[in-house]
Amino acid sequence: MGNSLKNKNIVIGVTGSIACYKVLDLIKRLKKLNSTVYVIMTESATKLVSVSDFENVADDVKVHLFDPNFNYKDYIKKNRPIKHISFADVADLFLICPATANVIAKIANGISDDLLTSSILATLAPVVICPAMNVKMWNNPLTQENVAKLRKLGYIFVEPEYGDLACGYKGIGRLANLDKISNRITTIINKKNSLKNKKILVTAGATIEEIDPVRVITNKSSGKMGVYIAEEAFLRGADVTLVRGANAIEPKFPIRDIKVSSAEELFNEIKKNIKDKDIMIHAAAVSDFEVNNKRDEKIKSGQELHLELTPTTKILENIKILEKQSFSGRRKSKTFSSEIKKNIFLVGFKAEYNVSEKVLVERAYNLLKDANADLMIANDVGKKGRGFDVETNEVFIVDKNRKVKHLDLADKKIIASKVLDEIKIR
Ligand SMILES: Cc1cc2nc3c(=O)[nH]c(=O)nc-3n(C[C@H](O)[C@H](O)[C@H](O)COP(=O)(O)O)c2cc1C
């Protein structure tokens, strides 16, 4: 693997910053690593460096969204797809370098009024943004707000650096060092393939147990953690199946997506889908109880009601039981209709409420042992900004050797990526 970018397509959006010319050198470096480099220039960029300079170093250069020869009659007759955003589809990585304050603002607001911004809106590739601008433009709260918004959505930034700026000012705004940008590209592309050919089952969100046809028992899980893990696994090349609670957020990418309601339904879908999986990440917040005396009609209000609750099946603890039975020649588990792969990499989540770090880790480790899981992700949902229905989380990753890795409070998308970094399987 190393630094090679063989067979990789890198699309570079070049925008109207004075740092444009530096990208010519970056392209030469990327070509030396055997990648194919396509360039999209904005109109402003063409005023600063000529298209032909980029044509001399890149594999192809485009500027315009509209083909001057476009004729809708031809399109209808030939019934061929229009290739106006073809770079978006072939990109293994989309780099915007240098990125003006203007292009950052446009992307943050979903504007697609030229070839570059239309392609960015259409791509599923990771997008890496390298800003370069005057220090006041960079520090402007509007720019900072746009950067924060994009970061939250998973766009990656290579921060501008401090130094002398072309405009005569000194401060933060210089395009990052080209070595730094090139290293970031190779790291991201290699990571992107880290789960290639792996089949992964992810569960997410809250389950719902009916009391009667209108009332339910559920929990506050939004499903964000699990859905972000599924999305990140998809971006890393995995074949992803997501089983999520009906109220969990929608996944952004076209991944196999199964909606369930009760804990029983969730378990049934796991049984149906686990057969060929290499990895299972069980992030769903499963109800611990189901209603025993569930009613078929709406229960009248204004009267005392006693619910009888029975515990639901502990899903995590049941996954490896099947594996053992499947490979020891014993009768198949009653709970599973299909065998599962030997050594499925099993990741569980453990949520606790307002406990010490020691207790949190201890309980996570005990569950890891009970379930024979490979990793447990422990979080304290009683602490502000962590756990259910928020955008951020702080977790402790506990492994089989009781080794603990602490991931400080961060956006759940970042936590999702770091959790996947810990999955090391051949
Ligand atoms: C000589 C020159 C240098 C510029 N350098 C920058 C820059 O470094 N960063 C920036 O954000 N804008 C810079 N601008 C302003 C942008 O070119 C302008 O905002 C333009 O609308 C950007 O269009 P684009 O984002 O479509 O490329 C520069 C303008 C000129 C005339």
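Only a predicted model underlies this, so the values are computations on that prediction, with no experimental measurement involved. Within any chain, residue numbers begin from 1 and follow the written order of that chain's sequence. Thresholds applied to this predicted model are a pLDDT of at least 70 for local features of residues and 80 or more for the giving and counting of side-chain atom pairs; totals over whole chains, interfaces and linings are not thresholded and use all residues.

**Some points on the overall build of the chain**
And step 1. Strands here mean DSSP runs of E at least two residues long; helices mean DSSP runs of H or I at least four residues long; both are numbered from the N terminus. Within the chain, the secondary structure is distributed over 15 helices and 20 strands.
And step 2. For the exposure call, what matters is how many other C-beta atoms sit within 10 Å of a residue's own: 20 or more marks it buried, 12 or fewer exposed, and in between partly exposed, using C-beta atoms placed from the backbone. Taking all 426 residues of the chain together, 38% fall into the buried category.
And step 3. Residues are defined as contacting one another if the C-beta atoms placed from their backbone atoms lie within 7 Å. Relative to all contacts within the chain whose residues are 6 or more apart in sequence, the contacts with residues 24 or more apart total 67%.

**Considerations on the domain arrangement of the chain**
And step 1. Either an automatic procedure or a domain database provided the assignment from which the domain bounds are taken. When cut into domains, the chain gives domain 1 (9-192) and domain 2 (199-421).
And step 2. With 6 residues of domain 1 at the interface, the matching set in domain 2 holds 6 residues.
And step 3. Here the side of domain 1 that touches domain 2 is composed, by residue class, of 2 nonpolar, 1 polar and 3 charged. Residues are grouped as follows: nonpolar covers Ala, Val, Leu, Ile, Met, Phe, Trp, Tyr, Cys and Pro; charged covers Asp, Glu, Lys and Arg; every other residue, Gly included, is treated as polar.

**So, the site of the ligand**
And step 1. The criterion for a residue being near a molecule or strand is a backbone-placed C-beta atom within 6 Å of that molecule or strand. As a matter of local geometry, the ligand sits amid 15 residues, with Gly-16, Ser-17, Thr-42, Thr-100 and Met-133 nearest to it.
And step 2. When contributions to the shell around the ligand are tallied by element, the ones reaching two or more residues are helix H2 (43-48) and helix H6 (101-108).
And step 3. A total of 3 residues in the shell around the ligand trace back to one element, the largest contributor, which is H6.
And step 4. Considering only residue class, the shell around the ligand consists of 8 nonpolar, 7 polar and no charged.

**Observations regarding the environment of Ile-217**
And step 1. Residue placement: Ile-217 occurs in strand S11 (residues 216-217).
And step 2. Between the C-alpha atoms of Ile-217 and Ser-287, which are 70 residues apart in sequence, the distance is 8.0 Å.

**What about the pairing of strand S4 (residues 93-99)?**
And step 1. The buried fraction of S4 amounts to 7 of the 7 residues, a majority that puts the element mostly inside the structure.
And step 2. When DSSP finds two or more bridges between a pair of strands, those strands are recorded as paired. Here strand S1 (residues 9-14) pairs with S4 via 4 bridges, running parallel. Its bridge partner being in S4, Ile-12 is matched across the sheet by Leu-95.
And step 3. As judged from the 4 bridges shared by S4 and strand S5 (residues 127-131), these two strands associate in the parallel manner. Of the residues in S5, the one forming a bridge with Ile-96 is Ile-129.

**Let's talk about the packing of H6 against helix H9 (residues 141-152)**
And step 1. Axes, fitted as lines to C-alpha atoms, cover a helix only where it is in contact. Angles between the N-to-C directions of the axes lie from 0 to 180 degrees. One can describe the packing of H6 onto H9 by two numbers: an axis separation of 9 Å at closest approach and a directional angle of 50°. The angle between the axes of H6 and H9 places the two elements in the oblique class. The crossing of H6 and H9 is left-handed. Where H6 abuts H9, its residues Ala-101, Ile-104, Ala-105, Ile-107 and Ala-108 lie against Thr-143, Asn-146, Val-147, Lys-149 and Leu-150.
And step 2. Of the residues assigned to the contact of H6 with H9, the class counts are 7 nonpolar, 2 polar and 1 charged. Roughly parallel here means an angle under 35 degrees, roughly antiparallel means over 145, roughly perpendicular means 65 to 115, and every remaining angle is called oblique. Each helix crossing is assigned a hand: it is left-handed if the near helix lies turned anticlockwise from the far helix by less than a right angle, otherwise right-handed if that turn is clockwise.

**Quick notes on unusual backbone geometry**
Both trends apply: most residues other than glycine have a negative phi, and most peptide bonds are in trans.
And step 1. Here the bond from Cys-97 into Pro-98 is cis, since omega is -10°, no more than 30 degrees from zero.
And step 2. Relative to the helices and strands, Pro-98 is located in strand S4.
And step 3. We note that Asn-197 has phi near 65°; this positive angle belongs to a residue other than glycine.
And step 4. With respect to the secondary-structure elements, Asn-197 resides in the loop between helix H10 (178-192) and strand S9 (199-204).
And step 5. In this structure, Asn-372 takes a positive phi of about 55° despite not being glycine.
And step 6. Tracing the chain through its elements places Asn-372 in the loop between helix H14 (357-371) and strand S18 (375-380).

**Considerations on the sheet that holds strand S3 (residues 60-62)**
And step 1. Taken in spatial order, the 6 strands of this open sheet run S3-S2-S1-S4-S5-S6, and their pairing is parallel. Edge positions in the open sheet fall to S3 and strand S6 (156-157), since each of these has one partner strand only.
And step 2. The pairing of S5 with S6 spans 2 bridges and is parallel. Following the sheet pairing, Ile-129 is matched in S6 by Phe-157.
And step 3. Packed onto the sheet, helix H1 (residues 22-32) meets S1, strand S2 (36-41) and S4 and runs at close to 180° relative to S1.

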